[in-house]
Amino acid sequence: MGEETSLKKITAHCKEYGFIFPSSEIYDGLAATYDYGPWGVLLKQNIRDFWWKSMVQLHENIVGIDAAIFMHPTTWKASGHVDAFHDPLIDNKDSKKRYRADQLVEMHIEKLQQKIEREVQKARKRFKEAFDEDKFRSESPRVQKYQDEIQQIRQRLHTALQNQDWKDLHALILELEIADPVSGSRNWTEVRQFNLMFSTQLSNIADERGTLYLRPETAQGIFVNFSNVLKTTRQKLPFGIAQVGKAFRNEIVARQFIFRMREFEQMEMQFFVHPGTEMQWFEHWKEERMRWHQVLGFPAEDLQFHTHENLAHYANAAVDIEYRFPFGFKEIEGIHSRTDFDLKQHEQHSGKKLRYYDPDRQEHVLPYVIETSIGLDRTFLAVLSHAYTEETVPDAEGKPTPRTVLKLPAPLAPIKCAILPLVRTDERLTRIAHALFDELKLYTQCHYEEKDTIGRRYRRQDAIGTPYCITVDFQTIEDHTVTIRHRDTLQQERIPLDQVRSAILQKTELQTLLSDFYQHLQDLPAVP
Ligand code: ATP
């Protein structure tokens, strides 16, 4: 499946089967804004729960909070967002399309990288078994030329962004002869900076003092509550504070479905450590978070680290975990060593001390921070992209038939089990099926359905990723057994009615995923 086709298919599937709808669709929608439907909200809730429990429940030294979206405006002055949370934008005068200027340059760099890969492929074909890729990459004059070019462009881009030198960024775009990807035109406007924060006004204060921002990240709600949490939980360094919540960014170019939205949800954890230990903790969290993604079922080759060379002003190390989305490897989570920047800034702007008293050393410490920041919507998209499968399977008569199935990890599936009486016209079957549904619904999310042929009902459950279907048929009346159908293997087996609950719960409870993750952490080296 081509990249575009695959994202288009996933988007269409999400809409058709009640996972994600375009926001306010009856008014033709709102760009880059989406609503989660009945099954989407359950899947999202399960991913959120898994993250929350992996952080707060599995770690004695991590606690959670839920801070307000609105915060005192000085928060954003202190964090640097008022002065430095911009993107450089540029418009094409012919196509009237707007772009992020730095992304146009990044796209140019990607093209150069593709040229390098093509050189390598050609050489591999030419030299066959004798091909030494490392040697070729370091010695081929063409590859070297492209590498140098990339290096120089990266350096210039970095300097322009650091110094907010939009004139030079504009000059770079012209020098590289970058064309509008849609129209091919090189007729560009100047580069302008654009603050990504949405603002609104407090009703009783009209001027700048009344400006409120919709938080562009959840992290600051954690920093400003540092002392409150410390006092009330009596945590010792190192410890973490976790939070899940909405964040808002006025993205210049928002596309690729729920990958880049203007309203999205973040799951963030700030881990406070003794200064000087931050690099060990950075390595620790990098590894722990990668294992979390692997437990979600993503194959190792679809995940990679991307280490930042150009660091944000507050960071002394940063890495992204990237997932291979249908449109290529892209960031799903960022792990940042934020130094003591945020706490220090808030101390200065608030005049309040944000220190930890270390009883052993008998001194007040301004902790350093390691942040893990993951997008819930991006994780949802990754889980869904991995699960989405088109395949041909035998129908009831053994005839090959196409089906679309979401092979979701069972504990994440919106519906864990569908209960289906074979026919709806026989009250003996529907009565048993209803009783089973009433029993199971106290424990887990199930679904009762009696309309349509059994084959059609199976297909519908496949399309929303239900791992198990229980069919109540005529044999059930005789011997109190039902068939349990497995979504992925299509296998059907008969089990006693009174064993259904334990069979389903054993395989679908979130606890199975948590235990798996916990096992994966056992050989993670302890930070001294
Ligand atoms: P990008 O470079 O893709 O814009 P970022 O580096 O600005 O992302 P962070 O500020 O590190 O992102 O935010 C942490 C996480 O929040 C990201 O890894 C991503 O999963 C999520 N996220 C950020 N911006 C968006 C958005 N506009 N839509 C959906 N998720 C987002």
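Look a little higher up for the structure.
Residues numbered from 1 in each chain as written. Predicted model: local features only at pLDDT ≥ 70, side-chain atom pairs only at ≥ 80, totals over all residues. Heavy atoms only, no water.

This part takes up the packing of helix 2 (residues 38-57) against helix 18 (residues 510-521). Axis separation between helix 2 and helix 18 bottoms out at 10 Å; the angle between their running directions is 45°. Classified by the angle their axes make, helix 2 and helix 18 are oblique. Crossing of helix 2 against helix 18: the hand is right-handed. In this structure, helix 2 uses Asn46, Asp49, Phe50, Lys53, Ser54 and Gln57 to contact helix 18, whose residues at the interface are Leu510, Leu513, Leu514 and Phe517. Classifying every residue of the contact of helix 2 with helix 18 gives five nonpolar, three polar and two charged. (Axes fitted to C-alpha atoms, helices over the stretch in contact; angles between N-to-C directions. Helix = DSSP H or I, 4+ residues; strand = E, 2+ residues; numbered from the N terminus. Parallel < 35°, antiparallel > 145°, perpendicular 65-115°, else oblique. Left-handed = near helix turned anticlockwise from the far one by under 90°. Contact = heavy atoms within 4.5 Å. Nonpolar A, V, L, I, M, F, W, Y, C, P; charged D, E, K, R; others polar.)

A few words on the sheet that holds strand 3 (residues 62-64). The strands making up a sheet associate through backbone hydrogen bonding, with each pair oriented either parallel or antiparallel. Pairing in this open sheet of seven strands is mixed, and the strands run 3-9-10-16-13-12-11 from one edge to the other. Strands at the two margins of the open sheet, each flanked by one partner only, are strand 3 and strand 11 (303-307). On average, each strand axis in the sheet is inclined to that of its neighbour by 25°, with strand direction left out of account. (Pairing = 2+ DSSP bridges.)

A separate point is the nonpolar core. Judged by nonpolar contacts, the single largest core of 65 residues is most densely connected at Phe19, Leu43, Phe50, Trp51, Trp285, Phe380 and Leu381. Both domains that meet at this core, namely domain 1 (40-68 + 216-390) and domain 3 (398-512), each give it at least three residues. Counting 26 residues, the second-largest nonpolar core is a separate cluster that includes Tyr99, Ile116, Phe131 and Leu172. (Core = buried A, V, L, I, M, F, W, Y, C linked by side-chain atoms within 4.5 Å. Buried < 20%, exposed > 50% of the residue type's maximum accessible area, 1.4 Å probe, protein only. Domains from an automatic or database assignment.)

Not every one of the 15 residues close to the ligand is listed here, only the nearest: Glu251, Arg260, Met261, Glu331 and Ile332. Contact distances for the ligand include 2.8 Å between a nitrogen atom and a side-chain N or O atom of Glu251. Contact distances for the ligand include 2.6 Å between an oxygen atom and a side-chain N or O atom of Glu331. Notes on the ligand: free accessible area 590 Å², of which the protein chains cover 83%. (Near = heavy atom within 4 Å. Polar contact = N/O pair within 3.5 Å; in protein donor to acceptor, adjacent residues only side chain to side chain. Areas by Shrake-Rupley, 256 points an atom, 1.4 Å probe, with all protein chains shown as cover.)

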